[in-house]
Amino acid sequence: MKKIILVLACAFGALALNAQTEKVVFGKMPKSAQEFVQTYFAKENVQDVELNRDDKSEKYTVSFANGNQVVFDNSGDWTEINMKVGPVPANVVPANIKAHVSNNYSKYQIVQMMQNDKGYQVKLQRNRSVLRQGWQYSEDKRLNRL
């Protein structure tokens with residue numbers, strides 16, 4: 001029994017070492033991430049920047065004083081934007097998604113946006129009502145629902 005507990009403790013310890021989070025200064029992020037924040041979130045105060053490392057990747061999470069957050073990959077490209085106050089900056093939203101939301105969900109705001117190699121996923125909110133939508137660009141630049 002003691003051996004099993006020891007093995008489990010070692011396994012959990014190894015997992016904890018693989019995923020590490022540390023606070024870093026804003027200037028330690030990739031230049032493109034710094035420029036993104038300075039361009040699209042210029043009026044917001046950066047509260048902290050966390051570097052999350054695991055075996056496969058590094059992510060930088062920028063938290064602002066008002067609760068908004070932006071997550072960047074290790075090359076400085078944004079992967080997620082979470083807004084607690086206000087919508088995702090309009091200039092960040094691809095034109096096709098902006099037009100689709102405007103035409104079909106005009107009373108909603110985009111309050112969360114994620115991107116990966118498959119496309120974009122957004123969360124729309126009106127008052128307290130939440131609606132999740134996912135879209136993917138096809139090769140002919142058409143917008144398809146995920």
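Above this note sits the structure.
Residues numbered from 1 in each chain as written. Predicted model: local features only at pLDDT ≥ 70, side-chain atom pairs only at ≥ 80, totals over all residues. Heavy atoms only, no water.

## Examining the pattern of salt bridges
For the coordinates displayed, the defined rule picks out three salt bridges. With a closest N to O distance of 2.7 Å, aspartate 48 and lysine 23 form a salt bridge. Residue aspartate 48 is found in strand E2 (residues 46-53), and its partner lysine 23 is found in strand E1 (residues 20-24); the two are separated by 25 residues along the sequence. The salt bridge involving arginine 53 is made with glutamate 58; its shortest N-O contact spans 3.1 Å. Using a relative accessible area of 26% as the deciding quantity, one classes glutamate 58 as partly exposed. Each of Glu22, Arg53 and Glu58 takes part in a single network of salt bridges with overlapping partners. (Salt bridge = Lys/Arg side-chain N within 4 Å of Asp/Glu carboxyl O. Helix = DSSP H or I, 4+ residues; strand = E, 2+ residues; numbered from the N terminus. Buried < 20%, exposed > 50% of the residue type's maximum accessible area, 1.4 Å probe, protein only.)

## Remarks on the side chain of glutamate 44
Mapped onto the elements, glutamate 44 comes out in the loop between helix H2 (31-40) and E2. Nearest to the buried, unbridged glutamate 44 among oppositely charged side chains is lysine 43, at 10 Å. For glutamate 44, the side chain forms a polar contact with the side chain of asparagine 68, separated by 3.1 Å. (Lys, Arg positive; Asp, Glu negative; His and termini not counted. Polar contact = N/O pair within 3.5 Å; in protein donor to acceptor, adjacent residues only side chain to side chain.)

## Some words on the side chain of aspartate 48
Polar side-chain contacts of aspartate 48 include one of 2.7 Å to the side chain of lysine 23. Apart from residues no more than four positions distant in its own chain, aspartate 48 is found in contact with Lys23, Thr61, Val62 and Ser63. (Contact = heavy atoms within 4.5 Å.)

## Some words on the environment of methionine 29
In this fold, methionine 29 is placed in the loop between E1 and H2. What makes methionine 29 buried here is its relative accessible area of 3%. When the C-alpha atoms of methionine 29 and serine 75 are compared, they prove to be 9.0 Å apart, with 46 residues separating the residues in sequence. Setting aside residues up to four positions removed in sequence, methionine 29 forms contacts with Gln34, Val49, Tyr60, Val62 and Phe72.

On their own, these measurements won't tell you what the molecule is for.
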